[in-house]
Amino acid sequence: MSPRPPAPPGPWALLAPQRIAAREAARALWGWRLPLLGALALLCAVGCYLLGDLLFGQIARLELLAPLLMRKTMGFILDFFVWSLTFSTAISAFSTLYLAQDLPRLLQSPVPLPALAAARVTQAWAQTSWMLLLFALPLLAGAGVRLGAPASFHLTLLLCLTLISVSSAALASCAALVFARLVPAKRLQDAMVLILLTAFVYFYLRFQASDPARFFREDGFRDLMEMVRALRGVGGERGLSAWAVQATFATLDPARSPYASEAVSPLPPLSLLAATTVALCALCVTLARWLYLSGFWLAQEGIGGGERSPGLLTRRRARAAVAPSPAAALARRDWRQFWRTPAQWTQLLLIGSLVGVYVFNFQHLNAGRLGDLFSPALVFFVHVFFSGLVLTTLCARFLYPSVSGEGKALWVLASAPVSAREVLRGKLRWGLPPILGLAVALSLVGGYITRLSAPWLVCLGWASCCTSVAVAGLNVGLGAAYPKLHLPNPMEVSSSLGGVVCMLLSLLSLALFALCAYPCVLAIDIIGPDASFGDAAFMIQGRPALFALLATAVSGAIYLAATWWGARRLAARLCA
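Residues numbered from 1 in each chain as written. Predicted model: local features only at pLDDT ≥ 70, side-chain atom pairs only at ≥ 80, totals over all residues. Heavy atoms only, no water.

**Student:** What should I look at first to understand the overall build of the chain in this one?
**Tutor:** A count of helices and strands for the chain gives 24 helices and zero strands. Expressed as a percentage of the 576 residues in the chain, the buried residues total 46%. Within the chain, contacts between residues at least 6 apart in sequence are counted, and of these 81% link residues at least 24 apart. Of the accessible surface of the chain, which amounts to about 29100 Å², a share of 68% is contributed by carbon and sulfur atoms. (Helix = DSSP H or I, 4+ residues; strand = E, 2+ residues; numbered from the N terminus. Buried < 20%, exposed > 50% of the residue type's maximum accessible area, 1.4 Å probe, protein only. Contact = heavy atoms within 4.5 Å. Areas by Shrake-Rupley, 256 points an atom, 1.4 Å probe, with all protein chains shown as cover.)

**Student:** Where do I start with the packing of aromatic side chains in this structure?
**Tutor:** Within a pair of aromatic rings, the relevant descriptors are the distance that separates the centres and the angle that separates the planes. Within the structure shown, the criterion is met by nine aromatic pairs. Taking 5.1 Å as the distance between ring centres and 70 degrees as the angle between the ring planes, the aromatic pair formed by F296 and W297 counts as edge-to-face. Given a relative accessible area of 1%, F296 falls into the buried group. A ring pair is formed by F385 and F386, whose centres lie 5.3 Å apart and whose planes are at 75 degrees; its orientation type is edge-to-face. Here the aromatic cluster, defined as three or more aromatic residues joined through ring pairs, consists of F380, F381, W456 and Y518. The ring of F398 carries the charged tip of R397 above its face, separated from the ring centre by 5.4 Å. (Phe/Tyr/Trp six-rings, centres within 6.5 Å; stacked < 30°, edge-to-face > 60°. Lys NZ or Arg CZ within 6 Å of the ring centre and 35° of its normal.)

**Student:** Just to check I follow, could you spell out the environment of T552 for this structure?
**Tutor:** Structurally, the position occupied by T552 is in helix 24 (residues 544–575). Exposure remark for T552: the relative accessible area of 33% places this residue in the partly exposed category. A sequence separation of 89 residues divides T552 from A463, and the C-alpha atoms of the two residues are 8.5 Å apart. When neighbours within four sequence positions are excluded, T552 is seen to be in contact with W462 and C466.

**Student:** Explanation requested: helix 4 (residues 66–99) in the structure shown.
**Tutor:** Quick reminder: α-helices carry 3.6 residues per turn. Residues three or four places apart thus point the same way. Relative to the 50 Å expected for 34 residues at 1.5 Å per residue, helix 4 spans 48 Å between its end C-alpha atoms, a close match to the ideal helical length. Buried residues dominate helix 4, accounting for 24 of its 34 residues. (Expected span 1.5 Å × (residues − 1).)

**Student:** Can you walk me through the nonpolar core in this structure?
**Tutor:** Note on soluble globular proteins: their nonpolar side chains tend to be buried together. In this structure, F56, L147 and F380 are the most contacted members of the largest nonpolar core, which totals 70 residues. A total of 11 residues in this core trace back to one element, the largest contributor, which is helix 22 (residues 497–527). (Core = buried A, V, L, I, M, F, W, Y, C linked by side-chain atoms within 4.5 Å.)

**Student:** When you look at the packing of helix 4 against helix 6 (residues 113–128) in this model, what are you seeing that I'm missing?
**Tutor:** In helix packing, the relevant descriptors are the interaxial angle and the interaxial distance, both defined with respect to the helix axes. The geometry of helix 4 relative to helix 6 is characterised by a closest axis approach of 9 Å and an angle of 135 degrees between their N-to-C directions. Relative to helix 6, the element helix 4 is oriented oblique. Once helix 4 is placed against helix 6, the crossing between them reads as right-handed. Listed contacts from helix 6 to L85, S88, T89, S92, A93, T96 and L97 of helix 4 are A117, R120, Q123, A124, Q127 and T128. For the contact of helix 4 with helix 6, the residue count by class is five nonpolar, seven polar and one charged. (Axes fitted to C-alpha atoms, helices over the stretch in contact; angles between N-to-C directions. Parallel < 35°, antiparallel > 145°, perpendicular 65-115°, else oblique. Left-handed = near helix turned anticlockwise from the far one by under 90°. Nonpolar A, V, L, I, M, F, W, Y, C, P; charged D, E, K, R; others polar.)

**Student:** Explain the confidence of the model for the chain to me, please; I cannot follow it from the model alone.
**Tutor:** Predicted coordinates in areas of low pLDDT are best not read in detail. Put simply, the chain has an average pLDDT of 75, and 71% of its residues get 70 or more. This stretch, residues 304–320, has a pLDDT under 50; its non-local contacts, to residues over four places away or in other chains, come to seven contacts. Overall, residues 367–373 carries pLDDT values under 50, and its contacts beyond four positions in sequence, including any with other chains, amount to nine contacts. (pLDDT = per-residue confidence, 0-100.)

**Student:** Looking at this structure, I do not really get the pattern of salt bridges. What am I missing?
**Tutor:** Tallied over the full model, the rule gives two salt bridges. Note that K427 and E406 form a salt bridge whose closest N and O atoms lie 2.8 Å from each other. Linking K427 in helix 19 (residues 420–449) with E406 in the loop between helix 17 (376–399) and helix 18 (410–415), this pair joins segments that are 21 residues apart in sequence. Across the pair, E406 and K427 agree in class, each one buried. As a salt-bridge pair, E422 and R425 come within 3.2 Å of each other at their nearest N and O atoms. Of this pair, E422 and R425 are both found in helix 19, three residues apart, which corresponds to roughly one turn of the helix. (Salt bridge = Lys/Arg side-chain N within 4 Å of Asp/Glu carboxyl O.)

**Student:** Help me understand the side chain of H383 in this model?
**Tutor:** Mapped onto the secondary structure, H383 falls in helix 17. On the basis of relative accessibility, which here comes to 0%, the residue H383 falls in the buried class. A polar atom in the side chain of H383 sits 3.2 Å from the backbone oxygen of G446. (Polar contact = N/O pair within 3.5 Å; in protein donor to acceptor, adjacent residues only side chain to side chain.)

**Student:** Hey, could you run me through the state of the cysteines in this one?
**Tutor:** Working definition of a disulfide: a covalent bond connecting the sulfur atoms of two cysteines. Counting across every chain of the model gives zero disulfides. Not part of a disulfide, C44 finds its nearest cysteine sulfur in C48, a span of 4.5 Å. Using a relative accessible area of 13% as the deciding quantity, one classes C44 as buried. There is no disulfide at C466, and the cysteine sulfur nearest it, in C465, is 6.8 Å away. Overall, the relative accessible area of 8% leaves C466 in the buried class. (Disulfide = S-S within 2.5 Å.)

**Student:** In this structure, what is going on with the packing of helix 8 (residues 151–182) against helix 11 (residues 240–249)? I would like to understand it.
**Tutor:** Close contact between helix 8 and helix 11 brings their axes to 9 Å; oriented N to C, the two are set at 165 degrees. As the angle between them shows, helix 8 and helix 11 are arranged roughly antiparallel. For helix 8 against helix 11, the interelement crossing comes out right-handed. In this structure, helix 8 contributes F153, T156, L157, C160, I164 and S167 to the contact, and helix 11 contributes L240, A244, A247 and T248. Taken together, the residues of the contact of helix 8 with helix 11 break down into seven nonpolar, three polar and no charged.

**Student:** Help me understand a nonpolar patch on the surface in this model?
**Tutor:** Together, L42, V46 and L50 make up a nonpolar patch on the protein surface, roughly 270 Å² of accessible area in all. With relative accessibility at 38%, the residue V46 sits in the partly exposed group. (Patch = residues over 30% accessible without salt bridge, like charges linked within 9 Å, V, L, I, M, F, W, Y side chains within 5 Å.)

**Student:** Any chance you could explain the environment of R421 here in plain terms?
**Tutor:** With respect to the helices and strands, the residue R421 is situated in helix 19. Owing to a relative accessible area of 38%, R421 belongs among the partly exposed residues under this scheme. Note: C-alpha distance between R421 and L570 (149 residues apart in sequence) is 8.6 Å. Those residues in contact with R421 that sit more than four places away from it in its chain are W564 and A567.

As C-alpha cells, this is what we get:
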C-alpha cells in the first residue's frame, strides 16, 4: 500500500517565515528595548484616551442632544478608521500578494492558491490593523466613562474593532485582486495610487456635502428640530460602523446610563457585523481562486521593464556640474531615483490632497476662533499637532525607508570612499528641505486662516522648523540604525515594527517640544495679541526666551542623537 501523500500546507504553515521573523524580532527587543516600546505604546494609548475623554466630555455638556451626538461622533470616528484602514491595507495587500520575493517559488510548488492568498491577506492585515488597537480603541474607550458604561461595553467595542479590521482587510484585498487582473501591469502601481486618491476625494466630498460647520454656527439651523433631523442624516443606519455603534450602545443599562435609549440586545448588530466579515472573507478566497494566478503573471510584466529614453529634465541633470561633496552627490542620486520611480512620485498626488484637506478644514476652526471658543494658544498647539502628524507621516513614508531602499546595492556604499555620516547627510539633504518647507507652509497658512497675529505666525514658523529637524533626523537615524534591506517595497519598511516605533518616537518628540514650549506660548497668550518681541514684559514674564531656547535645544539634541546613533550602526554594517 503506497503511503498517503502529505497534505498541502495551509495558511498557518505558509505564515511560518513571518512568525519566525516576528519571534526573532521579539527576542531582539528583549532587554531595554521592550520596556521602551511598551512605554511608547502606553503613552500613545493614554493620550488617545484623554483626547476621547475630553471630546465626549464636551459633548456630554449638551444635555438635550448629547445621546444623539455621542452616537454620531462614534460612528464618524469609526468611519474614518474604516476607510483609512481600507486604503492602507489595499496598498499593503498589493505588495504582499504580487511583489514579495518568495512568491515565484511558492507558486511553482504544490500550494493551494486560496491558502496562499489567505496567508498573504493575513500578513497585510497584521501590518495595518495595529492602528485600531493603538488609536481607535483608547479613543473610543474614553467615551465609556462619560457614558457610564459597564465592562461589557469595552469588550463589545474590542470585538467590533476586530471584526471591522478583518472586514476592511478582506475588502481591500478583493480590490487588489480585481485591479491586478483588469489594469495593465506596467501601470498597476500608478493606477492603485490614483484609484485610492479618487476614492479618498469622493468620500471627503460626501463628508463636506453635509456641511459639518453648521453645528458650530448659531445661524446654522432654523430651529432645533431641523438640527435633530440633520444629525440623524449624518451617517447611515447600516454598515460596519453603524452596526458597531448599535452593538456597543446596546450594552448600556437604561437604569444607570442616561444615554441608553432602550433595553435591546447587542446580538443582532453583532451578528450582522460577523456575517458581513465572513462573507467578505469568503469573497476574497473565491476571487483569489479565480483571479490570483493570472493577476500575478500580469503583474510581473511591469517588473524590470525596458529602458526609456531620457527626457529633457534627465538630460539637463546629466549635464549638471560635479557635486561639491559626497552628500550632495547622494542627494542628487536620490532625487533622480525618486522621479524615475512612478510608485514614489505618484504618491505626491495623495499628499497634495491631504494638504488641501488640512488647509481647507481650518476654515471651520476659524469659525470657532472668531466665536471665542478657542484661545490663540490652543489654536497654536492645534497647528503644531496636526502639522506634526502630517510631518510624521511623510517622514515615515519617505525618510525612514531611505537607507533600506539601498537593498542589495549597499555594498556600493561600503566599497566607496564615503563615510556613514556622509550617507546620512545625503539622505537628509534630499528629504529635509521639501519636508521643512511643507511643514512651515502648512503652519503659516493655517495660522493665517485662523487670523493669528504676527508674533504667533513667527512662533509657528519656529515650531515647524524645530519639529521638522527633530522628526527628520529621528527617521533617518533610526532607519539607518535598523535597516530592512530585504524588503524591496518602502511601504513594508515603513509599516514594520521599526517604522511603528519610529512613528511613536516622532509623536513623543512633538509632545516633548510642546511641553518645553508651553511656558513661552502661555506668556504670549497672557500678554495678548498686541505683544511684540521688543516688549520688555514679553521677555521677562515667565522667562519665555529661556523656554524657547530649551525647546530648540531639545529638538537639536534629538536630531544629533538620532543621526549619531544611525551613523554609528550604519558604519558597523558597512565595515562588516
